[in-house]
Amino acid sequence: MASDLLSTPLVWMTVTLTAYEAGFWLHRRLKEPVLVPPMLLSLTILIMVLLAADVNYQQYFKANAFIHFLLGTSTVALAVPLYQSLPRLKAAALPLLVVLLIGSVVGAGVALALAQLSGLSHSSVLAFATRAVTTPMALGIAEKIHAPLALASAIVIVSGLVGAIAAEALLKFVRHDMAKGFALGLAAHGVGTARALQISPTAGAFAALGMSLNGILTALWLPSVIKWVFA
């Protein structure tokens, strides 16, 4: 009876949303520390619940399919603030394209190289290759290159959290919100975009652009390169 209950989608949707709200509540109670973002607290609470219930990631992912679906739709919805910044996008199209190409290759390539040099297992190396894109796209890429979905998802989330935390210091002297947002979207995908939206609507719009274009571009070239490298 208990196992049937734990496999019910409504249970894990409720747990996920409760952990999310609890993380933000706890973050406010702790006086909003920069180095401990609310998403990290929410993730910690959720992991503790999964461990206590002895539920693995595959069970959780399957029961939480609806929220996973909403990840894709929320990514598409970020086109709204981007449309509002269309004139700025047209004016900066060329430099953004150059940064996108460099960021896509460096973001995935460095993670892949470091994982390989660290002597990680083959499946772990493949999972690290998905680090640079947002979760829905990372899971799609992971399926194509046969990387473990649970590990790929965890790496994407943790790298997004680290990127959002580091952004406070790294982007301190960057004056333009467009540049801040695009950098956050490229480096820290979904979590970075959420952080950019806290800076300004312009930063949020260009973070959404960077995250989306980087995901599409990486999905186009990464699976072929992986097959070539590990042939």
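What comes next concerns the included structure. Quick caveat, the model's predicted, so the values are computed rather than measured.

1. Some thoughts on the side chain of Ser104
Summarising the element assignment, Ser104 is placed in helix α8 (residues 93-117). Judged by relative accessible area, which is 0%, Ser104 ranks as buried. Here the side chain of Ser104 touches Trp221 through a polar contact of 2.8 Å, side chain to side chain. The contact partners of Ser104, leaving out residues within four places of it in the chain, are Asn214, Leu217, Thr218 and Trp221.

2. Regarding the packing of aromatic side chains
Under the counting rule described, the total for this entry stands at two aromatic pairs. Plain terms: the ring middles of Trp12 and Tyr60 are 5.9 Å apart, the flat faces sit at 85 degrees to each other, and that makes the pair edge-to-face. Of this pair, Trp12 sits in helix α2 (residues 9-29) while Tyr60 sits in helix α4 (residues 57-63); the two residues are 48 residues apart in sequence, bridging distant segments of the chain. Across the pair, exposure class does not vary: Trp12 and Tyr60 are buried alike. When the centroid spacing of 4.8 Å and the interplanar angle of 50 degrees are considered together, the rings of Tyr20 and Phe24 count as tilted. With Tyr20 and Phe24 both in helix α2 and four residues apart, this pair spans about one turn of that helix.

3. Re the packing of helix α10 (residues 135-145) against helix α13 (residues 201-229)
Two elements in contact, α10 and α13, have axes separated by 10 Å at closest approach and are oriented at 10 degrees. Classified by the interaxial angle, the pair formed by α10 and α13 is roughly parallel. Facing α10, whose interface residues are Met137, Ile141, Lys144 and Ile145, α13 presents Ser212, Gly215, Ile216, Thr218, Ala219, Leu222, Pro223 and Ile226.

4. Some remarks on the packing of helix α11 (residues 149-170) against helix α12 (residues 177-199)
Remark: α11 packs on α12, axes separated minimally by 8 Å, with the N-to-C direction vectors making an angle of 85 degrees. Relative to α12, the element α11 lies roughly perpendicular. In this structure, α11 uses Val156, Ser159, Gly160, Leu161, Gly163, Ala164, Ala167 and Glu168 to contact α12, whose residues at the interface are Leu184, Ala188, His189, Val191 and Arg195. Class assignment of the residues belonging to the contact of α11 with α12 gives a composition of seven nonpolar, four polar and two charged.

5. Focus: α11
A rise of 1.5 Å per residue sets the reference length of α11, with its 22 residues, at 32 Å; its end C-alpha atoms lie 30 Å apart and thus fit the reference within 8%. All of the buried residues in α11 are Ala152, Ser153, Ile155, Val156, Ser159, Gly160, Leu161, Ala164 and Ala167. Residues of α11 that are buried in the fold lie against α3 (38-53), α4, α9 (122-128), α10 and α12.

Scoring rules and cut-offs
- Residues numbered from 1 in each chain as written.
- Predicted model: local features only at pLDDT ≥ 70, side-chain atom pairs only at ≥ 80, totals over all residues.
- Heavy atoms only, no water.
- Helix = DSSP H or I, 4+ residues; strand = E, 2+ residues; numbered from the N terminus.
- Buried < 20%, exposed > 50% of the residue type's maximum accessible area, 1.4 Å probe, protein only.
- Polar contact = N/O pair within 3.5 Å; in protein donor to acceptor, adjacent residues only side chain to side chain.
- Contact = heavy atoms within 4.5 Å.
- Phe/Tyr/Trp six-rings, centres within 6.5 Å; stacked < 30°, edge-to-face > 60°.
- Axes fitted to C-alpha atoms, helices over the stretch in contact; angles between N-to-C directions.
- Parallel < 35°, antiparallel > 145°, perpendicular 65-115°, else oblique.
- Nonpolar A, V, L, I, M, F, W, Y, C, P; charged D, E, K, R; others polar.
- Expected span 1.5 Å × (residues − 1).

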